Amino acid sequence: MSLLRDEEYFKIAEVKAREILDSKGIPMVEVDVVTNGGVLGRAGAPCGISAGKYEAVTLRDNDSSRYLGLGVLKAITNIQNVIAPKIIGKDVRMQRQIDKIMIHLDGTERKANLGGNTTLSVSYAVAEAAANALRLPLYRYIGGVNAHILPLPMFNIINGGPYSVTDLDFQEFMIMPKSAKSFSEVLRISVEVYHELKKVLKKHYGKKGSTPGHAGGYSPPISDPMEAFDRILEAVDEAGHTGKIVLCLDCAASHIYDKKEGKYVFMGKKVTREFLMDFYEDLTKTYPLFLLEDPLHEDDFEGHAELTRDLTILIVGDDLFATNLKRLEKGVKMGAANGIILKPNQIGTLSEAIDVAQFAMENKYAVIPSIRSCSRYIEPLADISVALNCKYCKFGAPTTGERTYHYNRLLQIEEELGLSLIHISEPTRPLYISYAVFCLK
């Protein structure tokens with residue numbers, strides 16, 4: 001009998017876990033799942049710097065004698081002693097069954113016992129093993145024959161927020177090419193603007209202008225978001241791409257929200273929600289703004305609903321939804337936002353992340369997979385984006401470590417599928433968006 005038809009070939013024989021470092025030198029979990037057929041699936045779960053309070057728990061050792069307490073040996077022990085005995089012998093193609101086993105073993109909503117970094121590392125490794133055993137690329141294994149769209153990336157090129165040396169309150173200033181002939185052309189345009197921006201920032205601010213930020217973008221001495229957009233558009237013009245770019249902004253507003261006073265600390269002043277909402281409206285009138293992410297704090301569903309009604313752009317929830325189906329259901333019911341950032345590490349298993357994405361799409365929400373700090377290749381977000389036919393993705397600056405890997409992976413998939421660009425005009429209303437997408441010929 002062919003090995004590919006032998007059920008034993010797909011059954012898990014061994015689960016290994018180890019502590020490695022992510023791209024920022026912080027410990028993370030890496031897992032190997034090996035089948036009886038000798039097939040290896042290897043993956044790990046990233047842990048972001050910025051984490052919302054509704055995300056799955058990242059299990060750390062809290063042992064100050066190792067890695068400043070950030071070690072993940074407890075997670076390794078959970079995999080070896082708790083999870084592995086329950087999934088050895090299971091068929092790697094039974095993704096949901098294995099994910100449910102881990103969900104039940106943990107028993108908490110936020111994976112507080114086993115750790116979301118623990119469960120997701122195993123979940124990813126199982127999927128990788130199944131795809132490898134079937135001799136399929138991961139996007140084809142997860143998405144089937146209908147996986148045919150490459151996402152249009154948002155490129156983070158100026159960094160602000162609490163993890164940057166700049167005085168900008170908002171966290172990520174991004175560009176997104178709105179028209180091109182191929183994904184490879186979109187990548188080229190974005191990289192050219194990125195490099196041109198360095199020259200522009202040096203011209204205006206000297207050497208300090210091109211200081212790198214936490215996500216690979218620049219961190220110039222700017223405090224006014226409008227000034228940041230002005231510099232970006234100047235770089236767009238200098239790169240010869242005038243009119244080809246729209247702007248996106250991740251406000252990460254929970255970081256500037258003063259819960260006690262119910263106000264936001266913005267540009268050195270305490271301002272109301274209404275002030276911020278008026279500011280966002282001014283941005284949409286002044287700049288080619290396509291998207292606002294987390295424009296208000298993570299519990300303000302009402303404010304997000306009002307912005308969604310009033311502005312003709314995408315309003316996207318990251319901290320707002322935390323890739324959590326219950327929170328997304330609440331958002332849909334209230335009309336809060338019309339897009340969601342998809343981070344599987346926020347929920348803890350691949351199956352749960354797919355369920356969130358499918359529910360979002362059913363309710364006309366844009367689904368935007370976004371990476372977290374990782375060890376280059378071990379989080380398969382590029383493949384997941386194509387598998388789910390996501391129309392956008394958020395992988396950071398196009399020139400740093402693990403982020404570059406994801407863009408290069410999309411180039412490989414473009415070559416495999418033989419994709420061409422269908423350009424459709426710029427969006428006018430958020431719920432009736434016309435996308436520029438890359439579809440199978």
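Residues numbered from 1 in each chain as written. Predicted model: local features only at pLDDT ≥ 70, side-chain atom pairs only at ≥ 80, totals over all residues. Heavy atoms only, no water.

Now for the pattern of salt bridges. Summed over all chains, the structure comprises 31 salt bridges. The closest approach of N and O atoms between Arg 93 and Glu 7, which form a salt bridge, is 2.7 Å. Note that Arg 93 is positioned in the loop between α1 (73-87) and α2 (95-106) and Glu 7 in the segment before β1 (12-21), a separation of 86 residues in sequence. For Arg 93, a relative accessible area of 28% corresponds to the partly exposed category. What makes Glu 7 partly exposed here is its relative accessible area of 43%. Residue Arg 273 is joined to Glu 274 by a salt bridge in which the shortest nitrogen-to-oxygen separation is 3.6 Å. Judged by its relative accessible area of 43%, Glu 274 is partly exposed. Each of the salt bridges in this network shares a partner with another, and the network as a whole consists of Arg 18, Glu 30, Asp 32 and Arg 42. (Salt bridge = Lys/Arg side-chain N within 4 Å of Asp/Glu carboxyl O. Helix = DSSP H or I, 4+ residues; strand = E, 2+ residues; numbered from the N terminus. Buried < 20%, exposed > 50% of the residue type's maximum accessible area, 1.4 Å probe, protein only.)

Along the chain, Gln 346 falls in the loop between β13 (339-342) and α10 (350-362). Polar side-chain contacts of Gln 346 include one of 3.1 Å to the side chain of Glu 55. Once you skip the residues sitting within four places of it in the chain, Gln 346 turns out to touch Glu 55, Ala 56, Asp 318, Ala 322, Thr 323, Ile 341 and Arg 372. (Polar contact = N/O pair within 3.5 Å; in protein donor to acceptor, adjacent residues only side chain to side chain. Contact = heavy atoms within 4.5 Å.)

Below, the discussion takes up the sheet that holds strand β9 (residues 263-266). With antiparallel pairing, the three strands of this open sheet are ordered in space as β8-β9-β10. Every other strand in the sheet has two partners, leaving β8 (257-258) and β10 (269-271) as the edge strands with one partner each. Judged from the two bridges that link them, β8 and β9 form a sheet pairing that is antiparallel. From the neighbouring strand, Asp 258 faces β9, where its bridge partner is Lys 263. Seen against the sheet, helix α7 (residues 273-286) touches β9 and β10 and runs at an angle of roughly 50° to β9. (Pairing = 2+ DSSP bridges. Axes fitted to C-alpha atoms, helices over the stretch in contact; angles between N-to-C directions.)

Of all nine residues making up strand β2 (residues 27-35), nine are buried, and the element is well covered by its neighbours. Neither face of β2 is exposed, since Pro 27, Val 29, Val 31, Val 33 and Thr 35 on one face and Met 28, Glu 30, Asp 32 and Val 34 on the opposite face are all buried. The pairing of β1 with β2 spans nine bridges and is classified as antiparallel. Bridge pairing in β2 links Lys 16 to Asp 32.

So, on to helix α3 (residues 116-133). The end-to-end C-alpha distance of α3 is 26 Å, a good match for the 26 Å that 18 residues give at a rise of 1.5 Å each. The first or second residue beyond α3 is Arg 135, which carries a positive phi of 60°. (Expected span 1.5 Å × (residues − 1).)

This part takes up the pairing of strand β11 (residues 289-293). Buried residues dominate β11, accounting for five of its five residues. Relative to β11, strand β7 (residues 245-250) is paired through four bridges, and the arrangement is parallel. Among the inter-strand pairings, Cys 248 is bridged to a residue of β11, identified as Leu 291. When β11 meets strand β12 (residues 314-317), the two strands line up parallel, connected through three bridges.

A contiguous nonpolar surface patch, about 410 Å² in accessible area, is contributed by Leu 21, Tyr 67, Leu 68 and Leu 70. As for its position among the elements, Leu 21 is in strand β1. Here Leu 21 falls in the partly exposed class, since its relative accessible area comes to 39%. (Patch = residues over 30% accessible without salt bridge, like charges linked within 9 Å, V, L, I, M, F, W, Y side chains within 5 Å. Areas by Shrake-Rupley, 256 points an atom, 1.4 Å probe, with all protein chains shown as cover.)

Roughly 300 Å³ of internal volume is contained in the largest pocket. Every residue lining the largest pocket is counted, 15 residues in all, and those nearest its centre are Ile 103, Lys 111, Leu 325, Ile 347 and Glu 352. The set of elements that each furnish at least two residues to the lining of the largest pocket consists of α2, α9 (325-334) and α10. When its residues are assigned to classes, the lining of the largest pocket shows four nonpolar, three polar and eight charged. (1 Å grid on protein atoms, 1.4 Å probe; cavity = no way out; pocket = protein on both sides within 12 Å on 5 of 7 lines; lining within 4 Å. Points joined across faces, edges and corners; volume = space filled by probe spheres on them. Nonpolar A, V, L, I, M, F, W, Y, C, P; charged D, E, K, R; others polar.)

This part takes up the packing of α2 against α3. Two numbers describe how α2 lies on α3: the axes approach to 10 Å, and their chain directions differ by 165°. By the criterion of interaxial angle, the relationship of α2 to α3 is roughly antiparallel. Between α2 and α3 lies a crossing of right-handed hand. Contact with α2, carried on its side by Gln 95, Ile 98, Asp 99 and Met 102, involves Thr 119, Val 122, Ser 123, Val 126 and Ala 127 of α3 and no other residues of that element. Grouping the amino acids of the contact of α2 with α3 by side-chain chemistry returns five nonpolar, three polar and one charged. (Parallel < 35°, antiparallel > 145°, perpendicular 65-115°, else oblique. Left-handed = near helix turned anticlockwise from the far one by under 90°.)

In short, the description is geometric, and any link to function would need to be established separately.
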